Amino acid sequence: MAHHRVRIAPSPTGPLHIGTARTALFNYLHARHVGGTFILRLEDTDVARSTLEFEKDILDGLHWLGLEWDEGPEVAGEPARGPHAPYRQMERLPSYAAAAQRLLADDLAYPCYCTSAELEADRASREAERLPPRYVGRCAALTPEERRTRERDGRRGALRFRVGEGVVAFDDIVRGRVEIDVANLGGDFVIVRADGTPLYHFTVVVDDAAMEITHVIRGEDHLSNTPKHILLFQALGHAVPRFAHLPLILNPDRSKMSKRKSQTAIDDYIAQGFVREALVNYLALLGWATGTEEEILSLPEITERFDLSQVHKGGAIFDRERLEWINGQWIRRLSADELIDRLRPFIEADLVAGRIEWMPSDDELRSLLPVIQERLPTLGAIGDLVGFLWVAELDVDTAMLIPKRWDHATTLAGLEAAREVIADVRDVVFEADEMEPPLRALAEARGWKAGDLFMAIRVAVTGRTATPPLFDTLVALGRDRVLARLDHAVEVLAPS
RNA sequence: GCCCCCAUCGUCUAGAGGCCUAGGACGCCACCCUUUCAAGGUGGAGAUCAGGGGUUCGAAUCCCCUUGGGGGUACCA
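1. Notes on the overall build of chain A
Argument step 1. Of the regular secondary structure elements, chain A holds 20 helices and 11 strands.
Argument step 2. Here the C-alpha radius of gyration of chain A, 32 Å, is well above what a compact globule of 496 residues would show, namely 23 Å.
Argument step 3. Projected onto its principal axes, the C-alpha coordinates of chain A cover approximately 105 × 50 × 40 Å.
Argument step 4. When the 496 residues of chain A are sorted by exposure, 48% land in the buried category.
Argument step 5. Residue pairs at least 24 apart in sequence account for 73% of intrachain contacts in chain A once pairs closer than 6 positions are excluded.

Rendered as structure tokens:
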């Protein structure tokens, strides 16, 4: 197989799903690793559920992940580019009609006039006999005359594909040899609805053939349907592509990952502040490993090492804790400019939500980076970490202000004394190095543990018990605000 | 029900007959560092390799059965 052509074929019936993103990633990795072509095709034949908004969401999400495709629509609603355009199934209807016509002409498919009531009755009776569901073939041998009669009665037939008999076998790149007796396929299956719209199993084959797809890399949930596709490729006279069925991403209970039991929308992860490098890194390592002990890898590094035949067979539970760890690893690897750029939207979101009152400048963020970069599990955690810097006043109460080992009076005395010490450093530059020695000296002079004094100050100026290092925090706040917040805390504690 | 697929620490995985008294990572627990929180460092607990039969001098690795789990079975994709 000279040139590899692979595709991701999402349905715009929902926002970009973790599973779709992972399948797209593996297709991308394979294509880039072998120097092939990565195609994006939108399977929008489920008109009732497909929307342009979902289409946009999916394209945006794939772009965000950095999985650029070589052929397909670039922007939602816009014409697609590539030698096999269009890449949107609803714009390819004539090709399905032509393929259907050929199958009909060759008698490889036939019109079926069964009503849904009849089919339902068939299903019920087979179930009563404890037999697997299967189309009974009522319309399989209708004469041209019988068909005409039904058409005259105003009945419109769906098109059924003749399954025939025999065993379909194929060598799956991840699973090895798979053999399925077509007798288990459920009989002749519908490829075109009575209203003329084509069904998934049919469009996917017509398009994969037309787009000269050489490797179909998709989720394991399609494994059982693969014989139907192979039969169709053969009936249409096309070469059958290679298949690679990826293990599923699972809910914690090991069922197929679903919206109901897990967070599945890529959007949600983006909104929480996961970075693309981490998502890509994590997803690549679900069902595949380098075989070495390397774990933190960039998209190019993964591409270089990727090998479809090394992909696992068993499904993998989506582990958010591990994703968070990888996210932290990547946040720490980001450059200052890069991190500031990516943090900004999250700070803006905090502003809009009223959690902070103004936006920090780039310079302020840059000076904060040394103490926040290693403390951010996600970009979205920025507000929790240092949001106290960007509000005018703090909400602190007595209980919160008193350190564990201290009592009310000690805390009051400690904060008053600390206020004086800090006010006294006015002659020098307000820097961390200048404040620590005098405050330590104060603690020693009064017989306090420095940690307790620091904790009281920390809560007074930040409203929290967990913050970046205290003296860096004081500098970030600035002398005036530090003194004002200490005064306020003293007021809160002072007997009135 | 029927068909298909799968099975190594809680989780992600390394392992392609002897290197395995099963390695790494996340998480967890200690300790170190330390003003809190992180990060980092060190150490620890954690898997009779689902169970049972084979094959072999030797099996986590090969074969069979059982069990468990998952997927598919639409005029959804």
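2. Considerations on the state of the cysteines
Argument step 1. Under the definition given, this model contains 0 disulfides.
Argument step 2. Lacking any disulfide linkage, cysteine 114 is separated from the closest cysteine sulfur, that of cysteine 139, by 3.6 Å.

3. Looking at the environment of proline 469
Argument step 1. Residue position: proline 469 is located in the loop between helix H18 (450-462) and helix H19 (470-477).
Argument step 2. Placed 37 residues apart in sequence, proline 469 and alanine 432 show a C-alpha to C-alpha distance of 9.6 Å.

4. Digging into the domain arrangement of chain A
Argument step 1. Along its sequence, chain A is carved into domain 1 (5-89 + 250-317), domain 2 (92-246), domain 3 (335-388) and domain 4 (398-493).
Argument step 2. Taking only C-alpha atoms into account, the centre of domain 1 sits 29 Å from that of domain 3.
Argument step 3. Contacts between domain 1 and domain 3 engage 8 residues on the former and 5 residues on the latter.
Argument step 4. Of the roughly 460 Å² buried where domain 1 meets domain 3, counting both sides, 52% is carbon and sulfur surface.
Argument step 5. When the buried area of domain 1 at its contact with domain 3 is split by residue, Gln272, Gly273 and Val275 rank highest and sum to 56% of it.

5. Thoughts on the nonpolar core
General note: in soluble globular proteins, nonpolar side chains tend to be found buried as a group.
Argument step 1. In this structure, Phe318 and Ile457 are the most contacted members of the largest nonpolar core, which totals 112 residues.
Argument step 2. The next biggest cluster of nonpolar side chains, apart from the first, holds 35 residues, and it includes Leu159, Phe189, Phe202 and Leu232.

6. Thoughts on the packing of aromatic side chains
Argument step 1. This structure, assessed with the given rule, holds 10 aromatic pairs.
Argument step 2. Plain terms: the ring middles of tryptophan 288 and phenylalanine 306 are 5.3 Å apart, the flat faces sit at 50° to each other, and that makes the pair tilted. Highlighted residues: tryptophan 288 in the loop between helix H9 (276-284) and helix H10 (299-305) and phenylalanine 306 in the loop between H10 and strand E11 (316-317), separated in sequence by 18 residues.
Argument step 3. With relative accessibility at 1%, the residue phenylalanine 306 sits in the buried group.
Argument step 4. Clustering of aromatic rings is evident, with ring pairs tying together Tyr269, Phe274, Tyr282 and Phe318.
Argument step 5. The lysine or arginine in question, lysine 228, covers the ring of phenylalanine 189, its NZ or CZ lying 5.2 Å from the ring centre.

7. Considering the pairing of strand E4 (residues 158-161)
Argument step 1. Every second residue of E4 is oriented toward a common face, with Ala158 and Arg160 on one face and Leu159 and Phe161 on the other, all of them buried.
Argument step 2. Sheet topology places strand E3 (residues 109-112) next to E4; 4 bridges connect them, and they run antiparallel. From the neighbouring strand, proline 111 faces E4, where its bridge partner is leucine 159.
Argument step 3. Two elements, E4 and strand E7 (residues 189-192), share 3 bridges in a ladder whose sense is antiparallel. Directly across from leucine 159, in E7, lies its bridge partner valine 192.

8. A look at the protein's contact with RNA strand B
Argument step 1. Around RNA strand B, the surrounding shell holds 64 residues, and the nearest of these are Gly287, Glu374, Arg375, Arg440 and Arg458.
Argument step 2. If you look at RNA strand B and keep only atoms within 4 Å of the protein, 72% of those are sugar or phosphate atoms.
Argument step 3. A distance of 3.2 Å is found between a sugar or linking oxygen of RNA strand B and a side-chain nitrogen or oxygen belonging to glutamate 220.
Argument step 4. One of the side-chain N or O atoms of arginine 458 is found 2.3 Å from a base oxygen in RNA strand B.
Argument step 5. Of all elements in the fold, only E4, strand E6 (176-181), helix H6 (200-210), E11, helix H11 (320-333), H18 and H19 reach the threshold of two or more residues within the surface near RNA strand B.
Argument step 6. Per-element tally for the surface near RNA strand B: the top contributor is H11, with 5 residues.

9. Details of the confidence of the model for chain A
Argument step 1. Predicted confidence across chain A gives a mean pLDDT of 94, with 99% of residues reaching 70 or more.
Argument step 2. Model confidence for the complex: the whole-complex pTM is 0.95, and ipTM, which rates the interface, is 0.95.

10. With respect to the packing of helix H3 (residues 93-105) against H6
Argument step 1. Direction vectors running N to C along H3 and H6 enclose 100°, while the axes themselves pass 10 Å from each other. One element, H3, and the other, H6, form an angle in the roughly perpendicular class. For the pair formed by H3 and H6, the contact residues are Ser95, Tyr96, Ala99, Ala100 and Leu103 on the first element and Phe202, Thr203, Val206 and Asp207 on the second.
Argument step 2. Among the residues forming the contact of H3 with H6, the class breakdown is 6 nonpolar, 2 polar and 1 charged.

11. Looking at the pattern of salt bridges
Argument step 1. All chains considered together, the criterion is met by 35 salt bridges.
Argument step 2. Here arginine 7 and aspartate 208 are joined by a salt bridge, their closest N and O atoms 2.8 Å apart. Of this pair, arginine 7 sits in strand E1 (residues 5-8) while aspartate 208 sits in helix H6, and the two are 201 residues apart along the sequence. The same class applies to arginine 7 and to aspartate 208, which are both buried.
Argument step 3. Its salt-bridge partner being aspartate 46, residue arginine 49 comes within 2.8 Å of it at the nearest N-O pair.
Argument step 4. In the salt-bridge network here, residues are joined through shared partners; they are Arg7, Arg41, Glu43, Arg92, Asp207 and Asp208.

Conventions and cut-offs
- Residues numbered from 1 in each chain as written.
- Chains lettered and ligands numbered in written order.
- Predicted model: local features only at pLDDT ≥ 70, side-chain atom pairs only at ≥ 80, totals over all residues.
- Heavy atoms only, no water.
- Helix = DSSP H or I, 4+ residues; strand = E, 2+ residues; numbered from the N terminus.
- Rg over C-alpha atoms; globule rule 2.2 N^0.38 Å.
- Buried < 20%, exposed > 50% of the residue type's maximum accessible area, 1.4 Å probe, protein only.
- Contact = heavy atoms within 4.5 Å.
- Disulfide = S-S within 2.5 Å.
- Domains from an automatic or database assignment.
- Buried area = accessible area lost by both parts, 1.4 Å probe.
- Core = buried A, V, L, I, M, F, W, Y, C linked by side-chain atoms within 4.5 Å.
- Phe/Tyr/Trp six-rings, centres within 6.5 Å; stacked < 30°, edge-to-face > 60°.
- Lys NZ or Arg CZ within 6 Å of the ring centre and 35° of its normal.
- Pairing = 2+ DSSP bridges.
- Near = heavy atom within 4 Å.
- Polar contact = N/O pair within 3.5 Å; in protein donor to acceptor, adjacent residues only side chain to side chain.
- pLDDT = per-residue confidence, 0-100.
- Axes fitted to C-alpha atoms, helices over the stretch in contact; angles between N-to-C directions.
- Parallel < 35°, antiparallel > 145°, perpendicular 65-115°, else oblique.
- Nonpolar A, V, L, I, M, F, W, Y, C, P; charged D, E, K, R; others polar.
- Salt bridge = Lys/Arg side-chain N within 4 Å of Asp/Glu carboxyl O.

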